[in-house]
Amino acid sequence: MRPWRNLIVDTWGALSYKPAFQRASEGRLSGLPGHAGATWVPEADRRRLAAYTLLAAYDTNQAAALLGEDGADRREYGDPALIVDQTLTHLIGETQQIVVGGADDSEAARAAESLLREWAEREHLWMRMQHAERNAVLLGDTVYLLAWSRAKGRPTLKTIDPGFYFPVLFDDAVDADEYPTRVHLAWETPADPASGRKGTLRRVTYELGPVDADSGAARAYPWSARPTDVTCYLTDAEWDLEQVDQAGAIDALSLRRARFRTNADGEVLDRLDLHIDFIPIVHVPNTINGAEHFGQSTLLKATQLLDDLGAADTDSQRASATTGSPIIGLSGARLPVDRTSGRPLPVKVEPGMVWPLGETGQLTTVDTSAQLSELRAYVEALRDRLSVVTRLPASVLGTMDASQAASGYAMQLSFGPLDAMVRSMRLARAAKYPLLLKMVLRLYQAAGVLPPGQQPPASIAFGSYLPTDQASVLDLVVKGVTAGVLSLETGVRMLVDAGFPIEDATEEVARIWEQRDAELGTGGTVNEM
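So, here's what we can say about the structure. Remember, predicted model here, so these are calculated numbers, not experimental data. (Residues numbered from 1 in each chain as written. Predicted model: local features only at pLDDT ≥ 70, side-chain atom pairs only at ≥ 80, totals over all residues. Heavy atoms only, no water.)

## Quick look at helix α7 (residues 369-390)
The cut-off we apply is this: By definition, any uninterrupted DSSP run of H or I lasting at least four residues is a helix, any uninterrupted run of E lasting at least two residues is a strand, and each is numbered from the N terminus. For a helix, the expected span equals 1.5 Å multiplied by the residue count minus one. Three exposure classes are used, based on accessible area relative to the maximum for each residue type with a 1.4 Å probe and protein chains only: buried under 20%, partly exposed in between, and exposed over 50%. As used here, the arc belongs to the directions running from the helix axis to the C-beta atoms.
Taking 1.5 Å of rise per residue, the 22 residues of α7 would be expected to cover 32 Å, and the 31 Å separating its terminal C-alpha atoms lies within 8% of that figure. Within the span of α7, buried status applies to Leu372, Leu375, Val379, Leu382, Leu386, Ser387 and Thr390. With its buried residues spanning 145 degrees around the axis, α7 presents them on a single face. Among the exposed residues of α7, those oriented more than 90 degrees off its buried face are Ala370, Glu374, Arg385 and Val388. Remark: arginine 391 follows α7 within two positions and exhibits a positive phi of approximately 60 degrees.

Encoded structure:
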C-alpha cells in the first residue's frame, strides 16, 4: 500500500509523524494516549484527543516519554511552555475590560455594564480566562460552561477541559459558524480498589428540543418578543465502565443502566428543563480554521522543531560532560593496583593528582570543545528557526542580548509577525466572548434580576500587547484633544490601550469633567486634559 493512501489532512495532521498519533489514524485503540482509546469515544474524536495528550506532554517536559526507551535521557528545558506562556500574554494583553455598547449615553447600558463587571469580579472571570485561554493556546480549544446558581443568585462560570467536550456535529449540518443542538461533556472516573468504588463514566448532556413534544406549545422568553417552542434540557448520568456498551459511542449510550444525578435543589437531572432557549456552553477555538469546528494549537507546527531542539540540547549536554571531564589516555604510568587481585584500580581525574610517568610515558586528552561549540551554534540556529515558526520575536522569547538591541523602528518591524498572529487569534474570539456575556445577561433575565427586553451588546476589550512609548501617546492625546480632532473619551481610551493605570475609561472621563467643573467654580484655569 502506498504511504499517501493513509495521509489524512486535518487540523492535527502535523502530528502524523508520531507513532502514538498514527495509531489513532489507523483505528487501533490499544496504546492510544489519554482516554482517546476508550470504547465510548467517537471515532471522529480520537485524533483530537490523542493530539491534546501529546501537546500536553510537550508543555510539561514529558514529550521524551513518547519516544520510549530512546527518550530516557532526552533533555527538555521548557521551550514549549515558554512559547505558550508568551503567546498567551500577548493574546489577552496587559488589561481586559468588559465594554457595553452605548454605556456613555444609555442608563440601561450602564446598568448592564455595571452588572457584568460585578459578575466578572465575583466569578473571577479574568483568572478563569487565563486558565481557559492557556488551554486554547496549548491544545487549540477551550470551553466555558455557565449555570444559574440559586444559592449565589448569579450565573456561575466554569472552564472545561476540551478533552471532555463532545459536540454532536453532523456532516454538513453544523459548521464552524453554526451552533450544535446537542453537546456532551464526558469523562471517566478511575476505580478505587481501597474503597471498592468501581470505575465510572459520567456524561452531562445539553440538548435543544421542543418545549412539549406532544402539544407543540410555545414559550415566551424575556429576551425575545416572539414565542418559541425550543428549550434546553439537561441530563447528568453515569455508568459503570464495565456496563458501558462496547459498540456504542458517547452519543449512543443506553440510559437503561444509567444512574441520574441530582442538583442542589434535589431535582433529578433527567432531561431537566432549564427554561432557556440556548445551550450555556461556549467553545472558543484558538485559530480561525475555516469550516472546522476545532482550532489549532500554537505548538502544532513547531513540534518537530521542538523535538530537534531537545535532541540538540541532549547532544550538547553530553559534549559538555566530555569537555569538562575530558577523556585521558595514559601510557607508561605506574597506576595503583588492588593488593588482593593485583588488578589496576579505576583512575579518577582530580585536581592536584600526579601520575609518575616512565621515560616513554605519555598523557593524551581528547578535546571535544570544538564539537561543543558547533552544537551550541546549532542550538541557537534552531532557536532562531523556532522564533520564525512560532512568530515570536527573539525579544519576546528572551533570547536576544539587550546590549545588541536594534533601533526602535527595527524593533517595531520585528513585531510584525506577532502582531498579525495576535490579530488573527483575537478575531477567532471576536464572536465568542460577546456570546458568553449575552448568555450571562439572559440568565439574569431568566431569573428575574434584569427586566425583559433586548439587552445591549457587550464585549471584552483586550489591552495592548506591544511595547508603547507612553510619553509619545500622552503628548499625542493632549494635542489631539486640545485641537478638537479627538474627543476626550477617545483620548482616555488611547491612554488605557497604552498601559496607563486607568481602570475604567468612562469613570475617568466623568472624574475629569467633575474636576473641570470644580475648577471653573473656583475661577481656576482649566486645561482640556
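## Observations regarding the sheet that holds strand β3 (residues 154-160)
Applied cut-off: Here, a strand pair is defined by DSSP locating no fewer than two bridges between the strands. For helices, the axis comes from a line fit to the C-alpha atoms of the stretch in contact; other axes are also lines fit to C-alpha atoms, and the angle between any two N-to-C directions lies between 0 and 180 degrees.
Read across the open sheet, the three strands follow the order β3-β2-β10; overall the sheet is antiparallel. The open sheet has two edge strands, β3 and β10 (281-285), and neither has a second partner. Strand-to-strand twist in this sheet, taken as the mean axis angle between neighbours without regard to direction, amounts to 20 degrees. In terms of strand pairing, strand β2 (residues 141-149) meets β3 through seven bridges, oriented antiparallel. Paired with serine 149 across the bridge in β3 is arginine 154.

## What to know about the nonpolar core
The condition that has to hold: Among the buried residues, those of types Ala, Val, Leu, Ile, Met, Phe, Trp, Tyr and Cys that are joined through side-chain atoms within 4.5 Å form a nonpolar core. In what follows, a contact means two residues having at least one pair of non-hydrogen atoms within 4.5 Å.
The biggest cluster of nonpolar side chains holds 100 residues, and the ones touching the most others in it are Trp40, Trp119, Tyr144, Tyr206 and Ile281. Among the elements that make up this core, the one with the highest residue count is helix α11 (residues 432-446) (eight residues). Discounting residues that sit within four places of it in the chain, tryptophan 119 has contacts with Leu125, Leu146, Arg154, Pro155, Leu157, Leu437, Val440 and Tyr444. Judged by nonpolar contacts, the second largest core, of 12 residues, contains Val477, Leu488, Ile502 and Ile512.

## Some remarks on the pattern of salt bridges
Under the convention used in this document: The rule for a salt bridge is simple: a side-chain nitrogen of Lys or Arg has to be within 4 Å of a carboxyl oxygen of Asp or Glu.
Using the criterion set out here, one finds 27 salt bridges in the structure. Close ionic contact of aspartate 273 with arginine 219 constitutes a salt bridge, the shortest N to O distance being 2.8 Å. Of this pair, aspartate 273 sits in strand β9 (residues 272-273) while arginine 219 sits in the loop between β6 (200-210) and β7 (230-240), and the two are 54 residues apart along the sequence. Assessed through its relative accessible area of 17%, arginine 219 is described here as buried. Close ionic contact of aspartate 315 with arginine 318 constitutes a salt bridge, the shortest N to O distance being 3.9 Å. Here aspartate 315 pairs with arginine 318, and both are found in helix α6 (residues 303-324), just three residues apart, close to one helical turn.

## A few points about the environment of aspartate 79
Relative to the elements of secondary structure, aspartate 79 occurs in helix α3 (residues 79-92). The buried category is assigned to aspartate 79, whose relative accessible area is 10%. A sequence separation of 227 residues divides aspartate 79 from leucine 306, and the C-alpha atoms of the two residues are 7.6 Å apart. Aside from chain neighbours lying at most four places away, what touches aspartate 79 is Leu306, Leu309, Asp313 and Arg383.

## Observations regarding unusual backbone geometry
Its identity is not glycine, yet arginine 271 carries a phi of approximately 55 degrees, on the positive side. Its place among the elements puts arginine 271 in the loop between β8 (259-260) and β9. At arginine 391, a position not held by glycine, the phi torsion is positive, near 60 degrees. Here arginine 391 lies in the loop between α7 and α8 (394-397). Arginine 391 gets classed as partly exposed once you look at its relative accessible area, which sits at 35%.

## Some points on the packing of α3 against helix α5 (residues 125-139)
The following threshold applies: Small angles under 35 degrees read as roughly parallel and large ones over 145 as roughly antiparallel, with 65 to 115 read as roughly perpendicular and the rest as oblique. Each crossing gets its handedness from the near helix: less than a right angle anticlockwise from the far helix is left-handed, clockwise is right-handed. Amino acids are sorted into nonpolar (Ala, Val, Leu, Ile, Met, Phe, Trp, Tyr, Cys and Pro), charged (Asp, Glu, Lys and Arg) and polar (every other residue, Gly among them).
Packing of α3 against α5 leaves a shortest axis separation of 9 Å and a crossing angle of 120 degrees. Judged by the inter-axis angle, α3 sits oblique to α5. Here the hand of the crossing between α3 and α5 comes out right-handed. Of the residues in α5, those touching α3 at Ala81, Val84, Asp85, Thr87, Leu88, Leu91 and Ile92 are Gln130, Glu133, Arg134, Val137 and Leu138. Tallied by class, the residues present in the contact of α3 with α5 amount to seven nonpolar, two polar and three charged.

## Looking at the pairing of β2
In terms of burial, β2 is a largely internal element, seven of the nine residues being buried. The pairing of β2 with β10 spans five bridges and is antiparallel. Within β10, the residue paired with threonine 142 across the bridge is valine 284. The antiparallel hairpin formed by β2 and β3 contains four residues in its connecting segment, where glycine 153 sits at a positive phi of about 70 degrees.

## A look at the pairing of strand β13 (residues 458-462)
Of the two faces of β13, the one holding Ala458, Ile460 and Phe462 is buried and the one holding Ser459 and Ala461 is not buried anywhere. Relative to β13, strand β1 (residues 96-100) runs antiparallel, the two being bridged by five bridges. Bridge pairing in β13 links valine 99 to serine 459.

This is a description of form; function is not addressed.
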